[in-house]
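Observations on chain architecture
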Amino acid sequence: MSFGSSRGPSPLSLAVSDAIPLAVAFSETINAYFKGDEESKCRVKLTGDMVISFPAGIIGVLLENPSPAVLSCRIKNTSKLEQILINKQLVSEVTSHCTSDSRVYAFDMATLTQHLKQQSEMNRSASYFNIDILKYQVRPSVGFQSVPLRLVSYWKCELLKTDFRLDYFYNGSAMASESPLSNISIHVPVDGDVTKMQCIPAGTWCSEKSRAIWQLNSISEKSEKGSQGCVRAKFQLNSGPSTPSIAAIQFLCDGTTLSGVDFELIGPGYRISLVKKRIITGKYLTEADDILKQM
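In this report, the structure presented in the accompanying data block is examined. (Residues numbered from 1 in each chain as written. Predicted model: local features only at pLDDT ≥ 70, side-chain atom pairs only at ≥ 80, totals over all residues. Heavy atoms only, no water.)

1. Digging into the overall build of the chain
The test is simple: Numbering of helices and strands starts at the N terminus; helices are DSSP runs of H or I of at least 4 residues and strands are runs of E of at least 2. Note on exposure labels: buried denotes an accessible area under 20% of the residue type's maximum, exposed denotes more than 50%, and partly exposed covers the range between, all computed with a 1.4 Å probe on protein chains only. Two residues qualify as a contact provided that any one of their heavy atoms is within 4.5 Å of a heavy atom in the partner residue. Only four residue types enter the tally: Lys and Arg on the positive side, Asp and Glu on the negative side; His and the chain ends are excluded. For charged residues, the charge sits on one atom: NZ in Lys, CZ in Arg, CG in Asp, CD in Glu.
A tally of helices and strands in the chain yields two helices and 17 strands. In terms of overall dimensions, the chain has C-alpha extents of about 80 × 40 × 35 Å along its principal axes. Of all 295 residues assigned to the chain, the portion counted as buried reaches 44%. Expressed as a percentage of contacts within the chain between residues at least 6 apart in sequence, the contacts between residues at least 24 apart total 78%. On the chain, the mean spot of the 31 positive side-chain charges and the mean spot of the 28 negative ones are 1 Å from each other.

2. Focus: the pairing of strand 15 (residues 247–254)
Put simply, the rule reads: When DSSP finds two or more bridges between two strands, those strands count as paired.
What you see with strand 15 is a clean split: Ala247, Ile249, Phe251 and Cys253 sit on the buried side and Ala248, Gln250, Leu252 and Asp254 on the side with no burial. Relative to strand 15, strand 10 (residues 181–189) runs antiparallel, the two sharing four bridges. For Ile186, the partnering residue across the bridge sits in strand 15 and is Ile249. Direction of pairing for strand 15 relative to strand 17 (residues 270–287): antiparallel, over a ladder of five bridges. By the bridge assignment, Leu252 is partnered in strand 17 with Ile280.

3. Notes on the sheet that holds strand 5 (residues 91–93)
Note the threshold: What counts as an axis is a line fitted to C-alpha atoms, over the stretch in contact for a helix, and the angles between N-to-C directions run from 0 to 180 degrees.
Spatially, four strands are ordered 5-6-3-16 in an open sheet, and the strand pairing comes out antiparallel. Every interior strand has two partners, whereas the edge strands, strand 5 and strand 16 (262–266), have only one. Shown here is a sheet whose adjacent strand axes are inclined to one another by a mean of 30°, direction ignored. Pairing geometry for strand 5 and strand 6 (residues 102–107), over three bridges, is antiparallel. In the strand pairing of strand 6, Glu93 is matched with Tyr105.

4. Brief notes about the sheet that holds strand 12 (residues 204–206)
As summarised here, the arrangement of the nine strands in space is 4-7-2-1-17-15-10-13-12, forming an open sheet in which the pairing is mixed. The open sheet has two edge strands with one neighbour each: strand 4 (81–86) and strand 12. In this sheet, neighbouring strand axes are inclined to one another by 20° on average, regardless of whether the strands run parallel or antiparallel. Strands strand 2 (43–55), strand 7 (128–138) and strand 17 of the sheet are contacted by helix 2 (residues 109–122), whose axis makes an angle of about 120° with strand 7.

5. Side note on helix 2
We count it as follows: A helix is expected to span 1.5 Å for every residue after the first. Summarising the geometry, the arc corresponds to the directions from the helix axis toward the C-beta atoms. A 3.5 Å cut-off defines polar contacts: any pair of N or O atoms within that distance qualifies, except that in protein one atom must be a possible hydrogen donor and the other a possible acceptor, and neighbouring residues in sequence count only when both atoms are side-chain atoms.
With 14 residues, helix 2 ought to run about 20 Å at 1.5 Å a step, and its terminal C-alpha atoms sit 20 Å apart, in line with that. When helix 2 is considered as a whole, its buried residues turn out to be Met109, Leu112, Thr113 and Leu116. The arc that holds every buried residue of helix 2, seen down its axis, measures 100°, which confines them to one face. Those residues of helix 2 that are exposed and aimed more than 90 degrees away from the buried face are Ala110 and Met122. Looking at the packing, one finds that the buried side of helix 2 touches strand 2, helix 1 (58–64), strand 6, strand 7 and strand 17. You can read the cap of helix 2 off the contacts: a side-chain oxygen lies 3.2 Å from the backbone nitrogen of Ala110, and it is on Asp108.

6. Side note on the nonpolar core
In a soluble, globular protein the nonpolar side chains are often hidden away together inside. Basically, it comes down to this: Residue types Ala, Val, Leu, Ile, Met, Phe, Trp, Tyr and Cys, when buried and joined through side-chain atoms within 4.5 Å, form a set referred to as a nonpolar core.
Within the largest apolar cluster, 75 residues are counted, with the highest numbers of intra-cluster contacts made by Phe54, Phe107 and Tyr284. Here this core gets seven residues from one element, more than from any other, and that element is strand 1 (residues 20–35). In this structure Tyr284 touches Ile30, Ala32, Phe34, Val147, Pro148, Leu149, Leu151, Ala247, Ala248, Ile249 and Phe251, once residues within four positions along its chain are discounted.

7. So, the packing of aromatic side chains
The condition that has to hold: A pair of Phe, Tyr and Trp rings is counted when the ring centres sit within 6.5 Å of each other, with Trp represented by its six-membered ring. The angle between the planes then sorts it: under 30 degrees is stacked, over 60 is edge-to-face, the rest tilted. Definition used: whenever NZ (Lys) or CZ (Arg) falls within 6 Å of the ring centre and also within 35 degrees of the ring normal, the charge is taken to sit over that ring.
Counted according to the given criterion, the structure contains seven aromatic pairs. Feature note: the residues Phe34, Phe144, Phe251 and Tyr284 constitute an aromatic cluster, connected by ring pairs. Taking the ring centre of Phe169 as reference, the NZ or CZ of Arg150 above it sits at 4.2 Å. For Arg165, the ring lying beneath its charged end belongs to Tyr154, and the centroid distance is 4.1 Å.

8. With respect to the pattern of salt bridges
The test is simple: What counts as a salt bridge is simple: a side-chain nitrogen of Lys or Arg found within 4 Å of a carboxyl oxygen of Asp or Glu.
Using the criterion set out here, one finds 11 salt bridges in the structure. Put simply, Lys156 and Glu158 hold a salt bridge, and the shortest N to O gap is 3.7 Å. In this structure Glu158 comes out as partly exposed when scored by relative accessible area, which is 31%. The salt bridge involving Arg165 is made with Asp167; its shortest N-O contact spans 3.0 Å. Here the two residues Arg165 and Asp167 agree in accessibility, since each one is buried. Members of the salt-bridge network, linked through shared partners, are Glu38, Lys41 and Asp289.

Next comes the structure, spelled out in structure tokens:
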């Protein structure tokens, strides 16, 4: 995830008295599997990571100051997290300050300084250095309310033609703060030697990979057709019938997370210049239930 620019002193030239700007990024990956329209068969796995971006100018400040302010932070809203793996080389948990819904971490400043110095020597032109701080897994949840996009697929397979339909339902309540889904792509493998594809909305048939592909700009409550929609296609075949396959969907969602975790600095000497949050898809799959394979 790109951090972009932030206000304040140049990242290459910081004075010892400057509050050091830090950029933080949370990225969460959701894996989901839908079997027909049965909620009990919906499976979800959610993992995340947090990266801190340090300006190159911090190295000079740390080297010139024999006793720099200890960098400490609080990760909030952790009650949904089942497992947290920290970068033990750089940070340690301050257990006395942790609660049931937050974790506090402190950096080993000598090790951090050495690590950043090594990064600088490897890439002297860099303005910022990104360091993985922690990875986490969110407690498993079952059901449609835990996913930002619910899917149901349908197939009707005959000797010379195949009908496919995918219904999707946007669910902003699954997010910490509602945000639109973007860069949506839908991939549907279809066998049987497809000779022609007719579909709504417009899509592309990729003959090399024997799959239909759709690209959608955005899905949200404010979408043209509201929070739900449908993709339909008819395929003419040479060697049918087709075998119903698993459809895969990919999307991005910027500005929010599913877990609700957040970041807070503790103590002086540093400031947050930017916090970025993003949801991305891993394996996001939908398979028609047997009863739905004949529409």
